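Residue-level listing of the chains:
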Amino acid sequence: MSGTDTENAKSYVLVQIGDRRFALPASEVSELAPPVRLHHFPHNSPLVSGIIVRRGRLVPVYDVCPLLTGKNSPTHQFYLVARRHFGSASEPAAIPVNGDSELVTADAVQVTSPSYVSGRLMHGGESIEVLDLDRLVAFEYREKNRVEHAELNS
Amino acid sequence: MKIAAQDAVKARKARKPEAVILFNVSNQLFAIAADSVQEIRSTDSLGAALEIEQQEIPKVRHTIERGHRTYYVVNACAHFGLRVVRPTLVLMLRQIRVAVLVDKIERMAEISGLHALPRAFVGAERQWYRGLAYLEDQVIPVVSPLGFLTSQEFERLDGATAEASRHDLERAVQI
């Protein structure tokens, strides 16, 4: 599981979100953006905290820190820009991280729970969850719908 | 890669400049196409606004009669879920029977094109906004005039207004 020289080894970007480290497949990551301005405007989409502008494109920011760590996001943060998929289409999506990121090659074992974790890898003696960004944001959306539905029925 | 880059350049060139009015609601900046606004008035000049009795659509409390048409006055703070402040201006929209209460007009501006609202946004904002403008280092939502009231809301308001008129007529006959 921790070897880096097997046929199944893939590249992952390790990021710090709150007080925990997570991995994302490097193939899904575009860049680590500096702490640029976060633009806010009224909306009621779950998890979306605003928009950053990168290379002339408007990139939505998903605040996943409370969901993953149970704590609020730190204020001064970098943004990891990855791809979010919508069927055959995709768009850039950013998540706030702190500045420490690392590119590693590792094997990940598949896991099925929670649904937004696609695997787990070992690095430096630490077990790190591999995030599935599409499932992560969909998970929060489903949760919000579930709560609203329950409130309506109560 | 080269073809995609060329397409992006063409797409940027194809964007038409558009005149917009930048306005403020509860310290939040919005834009609206200038040609969708017929008139901007002070709320002080709306003495003839009629209060309507209905609770279903709380963002609408008044109507204005203009040119034999009944305009529904939408409080933009309530519409966008912002802290309600006392509005000072009303935007009378063109081609739709809506007047919008806002705090102040910032200025006119020209935007070089609209960015589509990212798919990350899945709520009512998809009806509220035509897209986003990036102007002088600011991302500004460009509101959709058609997003202030749905056709179902118009029907309900028309029903409430007709009912109120009928009551007024009955009272007048009794007097």
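The notes below deal with the structure included here. (Residues numbered from 1 in each chain as written. Chains lettered and ligands numbered in written order. Predicted model: local features only at pLDDT ≥ 70, side-chain atom pairs only at ≥ 80, totals over all residues.)

## A word on the overall build of chain A
Assigned secondary structure in chain A consists of two helices and 11 strands. Buried positions account for 32% of the 154 residues belonging to chain A. (Helix = DSSP H or I, 4+ residues; strand = E, 2+ residues; numbered from the N terminus. Buried ≥ 20, exposed ≤ 12 C-beta atoms within 10 Å, placed from the backbone.)

## As for the interface of chain B and chain A
Tallying the contact residues gives 18 residues for chain B and 16 residues for chain A. Counting residues per element, the side of chain B that touches chain A draws most heavily on strand β11 (residues 138-143) of chain B, which supplies three residues. Classifying every residue of the side of chain B that touches chain A by side-chain character gives 11 nonpolar, five polar and two charged. (Contact = placed C-beta atoms within 7 Å. Nonpolar A, V, L, I, M, F, W, Y, C, P; charged D, E, K, R; others polar.)

## Comments concerning the sheet that holds strand β10 (residues 117-123) of chain A
What links the strands of a sheet is backbone hydrogen bonding, and the strands pair in either a parallel or an antiparallel sense. All names here are of chain A. An order of β8-β1-β2-β11-β10-β9 is seen for the six strands of this open sheet, with the pairing classed as mixed. Two strands close off the open sheet at either side, each with one partner strand: β8 (101-106) and β9 (108-110). The sheet shows a mean angle of 35° between the axes of neighbouring strands, taken without regard to direction. Note that β9 and β10 share three bridges and pair antiparallel. Within β10, the residue paired with V109 across the bridge is R120. (Pairing = 2+ DSSP bridges. Axes fitted to C-alpha atoms, helices over the stretch in contact; angles between N-to-C directions.)

## Examining the nonpolar core
Counting residues in hydrophobic clusters, the biggest one holds 77 residues, and the most contacted among them are A23 of chain A together with A31, V74 and V100 of chain B. Those residues in contact with V100 of chain B, other than ones at most four positions away along the chain, are V74, A76, V90, L91, L93 and F148 of chain B. (Core = buried A, V, L, I, M, F, W, Y, C linked by C-beta atoms within 7 Å.)

## Section: unusual backbone geometry
Look at the link from S113 of chain A to P114 of chain A: it is a cis peptide, with omega at -5°. Looking at the element boundaries, P114 of chain A is found in the loop between β9 and β10. Look at H68 of chain B: it is not a glycine, yet its phi comes out positive at around 60°. Locating H68 of chain B in the fold gives a position in the loop between β5 (60-66) and β6 (69-75). The phi dihedral of E136 of chain B falls on the positive side, at around 50°, and the residue is not glycine. If you trace the backbone, E136 of chain B turns up in the loop between β10 (129-135) and β11. For E136 of chain B, a count of 6 C-beta atoms within 10 Å gives the class exposed.

## Here's the deal with the environment of A99 of chain B
With respect to the helices and strands, the residue A99 of chain B is situated in strand β8 (residues 98-102). If we ignore the near neighbours within four places in the chain, the residues touching A99 of chain B are I64, Y71, V73, V90, L91, M92 and L93 of chain B.

## Points about the sheet that holds strand β7 (residues 89-93) of chain B
All names here are of chain B. Reading across from one edge, β3-β7-β8-β6-β5-β4 is the order of the six strands in this open sheet, with mixed pairing throughout. Only two strands of the sheet have a single partner each, and these edge strands are β3 (37-42) and β4 (50-51). Relative to β8, β7 runs antiparallel, the two sharing four bridges. Following the sheet pairing, V90 is matched in β8 by L101.

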